[in-house]
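What follows is the residue order along each chain.
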Amino acid sequence: MILRGNREIARGAGRRGWRRALLGVTLAFGLAALTPLQAQAAPMQSATYGTLPNEGLYPEQTSCSGSYYQPNVPGGATKTAVYGGRTITLKYFYSPNCGSFARIENAPQGCAAHSNRDGSTIVWVLETVDPGINYAYSKVINNLNGRLSKAVLFCDNQRLAETAWY
């Protein structure tokens, strides 16, 4: 009788333990469903960015999609920098109809592709590396009609590389 009683108690505890575990797993999945799988980095920009045509759009969203190229920028349209044991590549792309953008490759989180446009004040836009990937590219900056732009690589607020104004 005592053994049977202990088995009964053990079975009851086992069922309660199973139910608690199932409830815990269900709760964990429910909370995970409410949490985004990846944090998507939002682009940052100066207050005056976005006032010219094509600004505020990613290159593939413009009418120039597929026609951007690396121009003959003084000193080169591609630069590299070593940071955190990685060689990061900064690339400057241009379209004579839409403007330019910056792209970084092989970069860790904490790095950003940054585009500047000169004028009476410096106008800029940047995009950081999202979790799970190792690249980023900025939105288009309009450097048409005599305006100049350049690409800059930042990692943890340190300027590591930049192209010349083009």
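For the structure, see preceding data.
This is a predicted model, so every value here is computed, not measured. (Residues numbered from 1 in each chain as written. Predicted model: local features only at pLDDT ≥ 70, side-chain atom pairs only at ≥ 80, totals over all residues. Heavy atoms only, no water.)

Participant: Mind showing me how you'd approach the pairing of strand 8 (residues 149–155) here?
Facilitator: Regular strands have side chains that alternate between both faces of the sheet. Most of strand 8 sits out of view: 7 of its 7 residues are buried. Both faces of strand 8 are covered, namely the face carrying Ser149, Ala151, Leu153 and Cys155 and the face carrying Lys150, Val152 and Phe154. Sheet topology places strand 5 (residues 111–117) next to strand 8; 7 bridges connect them, and they run antiparallel. What sits directly across from Arg117, in strand 8, is Ser149. Across 4 bridges, strand 8 lies against strand 9 (residues 158–162) in antiparallel orientation. Pairing of Cys155 across the sheet is with Gln158, part of strand 9. The turn joining strand 8 and strand 9, which pair antiparallel and follow one another in sequence, is formed by 2 residues; a positive phi near 50° is taken by Asp156. (Buried < 20%, exposed > 50% of the residue type's maximum accessible area, 1.4 Å probe, protein only. Helix = DSSP H or I, 4+ residues; strand = E, 2+ residues; numbered from the N terminus. Pairing = 2+ DSSP bridges.)

Participant: Help me out: how do you make sense of the pattern of salt bridges in this one?
Facilitator: Oppositely charged side chains are able to pair whenever their charged atoms sit close together. A full pass over the atoms with the stated rule returns 5 salt bridges. Salt-bridge contacts for Arg117 lead to Glu55; the nearest nitrogen and oxygen are separated by 2.9 Å. Within this pair, whereas Arg117 is found in strand 5, its partner Glu55 is found in the loop between strand 1 (44–45) and strand 2 (78–83), the two being separated by 62 residues in sequence. For Glu162, the salt bridge is made with Arg159, and the minimal N-O distance between the two is 3.0 Å. (Salt bridge = Lys/Arg side-chain N within 4 Å of Asp/Glu carboxyl O.)

Participant: Got a minute to help me understand the sheet that holds strand 3 (residues 86–95) in this structure?
Facilitator: Strand order in the open sheet formed by 4 strands is 2-3-4-7, with antiparallel pairing between adjacent strands. At either margin of the open sheet sits one strand with a lone partner, and together these are strand 2 and strand 7 (135–137). Neighbour-to-neighbour, the strand axes of this sheet turn through a mean angle of 15°, independent of strand direction. Examined bridge by bridge, strand 2 and strand 3 share 6 bridges and lie antiparallel to one another. Residue pairing in the sheet places Lys79 in a bridge with Leu90 of strand 3. (Axes fitted to C-alpha atoms, helices over the stretch in contact; angles between N-to-C directions.)

Participant: How should the state of the cysteines be read in this particular structure?
Facilitator: What makes a disulfide is a covalent bond joining the sulfur atoms belonging to two cysteines. Summed over all chains, the structure comprises 2 disulfides. The disulfide bridge from Cys64 ends at Cys98, spanning 2.0 Å between sulfur atoms. Disulfide Cys64-Cys98: torsion about the S-S bond near 80°, hence right-handed. Taken together, the positions of Cys64 in the loop between strand 1 and strand 2 and Cys98 in the loop between strand 3 and strand 4 (99–105) put the pair 34 residues apart, joining distant regions of the chain. In this structure, Cys64 and Cys98 share a single accessibility class: buried. Sequence-ordered numbering of the bonded cysteines in the chain gives a pairing of 1-2, 3-4. (Disulfide = S-S within 2.5 Å.)

Participant: Honestly, the sheet that holds strand 5 in this entry has me stumped. Any pointers?
Facilitator: Sheet strands line up and pair through hydrogen bonds in the backbone, either parallel or antiparallel. Spatially, 5 strands are ordered 1-6-5-8-9 in an open sheet, and the strand pairing comes out antiparallel. The strands lining the two open edges of the sheet, one partner per strand, are strand 1 and strand 9. The sheet contact formed by strand 1 and strand 6 (residues 123–128) spans 2 bridges and is antiparallel. Bridged to Met44 within strand 6 is Leu126.

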